[in-house]
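# Per-entry structural report
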Amino acid sequence: MIPCNCVVQEGQIPDDTAAALRASISAFTERTFGAPAEFRWLTVPKRSGFTASAPSTSSVISLRAPRAVSPMEREPLLRELCGVWTEHTKCSLNELVGVISDPVAD
């Protein structure tokens, strides 16, 4: 399983969109890393998240890769992952932080 943390604002993503988004992200991790995503989905209550002193519309998607990913490989993977998110949610790239981190050393 590929750990996947998602932070969204309450009411921003309808349940059916979230389900389709999870399926597409899991397909991405299976294709890219050979394993499905394991989700931790955090919903920030309305008016609890702010960006530039205004209620936030931003989201975060963070994956932990099972192997080191070179910068040359990471950039196109992040573009694809963020593309999956924006395609489903219709948010702009300015409203999204995408992360693919390397494994943590023991």
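Okay, so let's go over this structure.

Rules used in this analysis
- In this numbering scheme, every chain counts its residues from 1 along its sequence in written order.
- Given that this is a predicted model, residues contribute local features only at a pLDDT of at least 70 and side-chain atom pairs are listed and counted only at 80 or more, while totals for whole chains, interfaces and linings are drawn from all residues.
- Side-chain numbers here rest on the full set of heavy atoms in the structure, without hydrogens or water.
- Pairing between strands is defined by DSSP: at least two bridges between the two strands are required.
- Secondary structure elements follow DSSP: runs of H or I no shorter than four residues count as helices, runs of E no shorter than two count as strands, and numbering proceeds from the N terminus.
- Convention adopted: a line fitted to C-alpha atoms gives each axis, helices being fitted over their contacting stretch, and angles between N-to-C directions are expressed from 0 to 180 degrees.
- Here a crossover is taken to be right-handed if, once the strands point away from the viewer, the path from the first strand over the helix to the second is traced clockwise.
- Here the nonpolar core consists of buried residues drawn from Ala, Val, Leu, Ile, Met, Phe, Trp, Tyr and Cys, with membership extended through side-chain atoms lying within 4.5 Å.
- With a 1.4 Å probe rolled over the protein chains alone, any residue whose accessible area is under 20% of its type maximum counts as buried; one over 50% counts as exposed, and the rest are partly exposed.
- Throughout, a residue-residue contact means that at least one pair of heavy atoms, one from each residue, lies within 4.5 Å.

This part takes up the sheet that holds strand β2 (residues 37-44). Sheet architecture is open: four strands sit in the order β2-β1-β5-β6, paired in mixed fashion. Edge strands, defined here as strands with exactly one partner in the open sheet, are β2 and β6 (96-101). Averaged over all pairs of adjacent strands, the angle between their axes in this sheet comes to 10°, without regard to strand direction. In the sheet, strand β1 (residues 2-9) pairs with strand β5 (residues 59-64) via four bridges, with the strands oriented antiparallel. The residue of β5 that forms the bridge with N5 is S62.

This part is about the pairing of β2. The sheet contact formed by β1 and β2 spans eight bridges and is parallel. Residue pairing across strands places V7 opposite L42, the latter belonging to β2. For the segment spanning β1, helix α1 (residues 15-33) and β2, crossover handedness is right-handed.

Within the largest apolar cluster, 25 residues are counted, with the highest numbers of intra-cluster contacts made by I25, I61, L63, W85 and I100. Looking at this core, the elements that each hand over two or more residues are β1, α1, β5, α2 (71-89) and β6. With six residues, α2 is the largest single contributor of residues to this core. Apart from the residues within four sequence positions on either side, I100 is in contact with F28, F33, L63, A65, R74, L77, L78 and L81.

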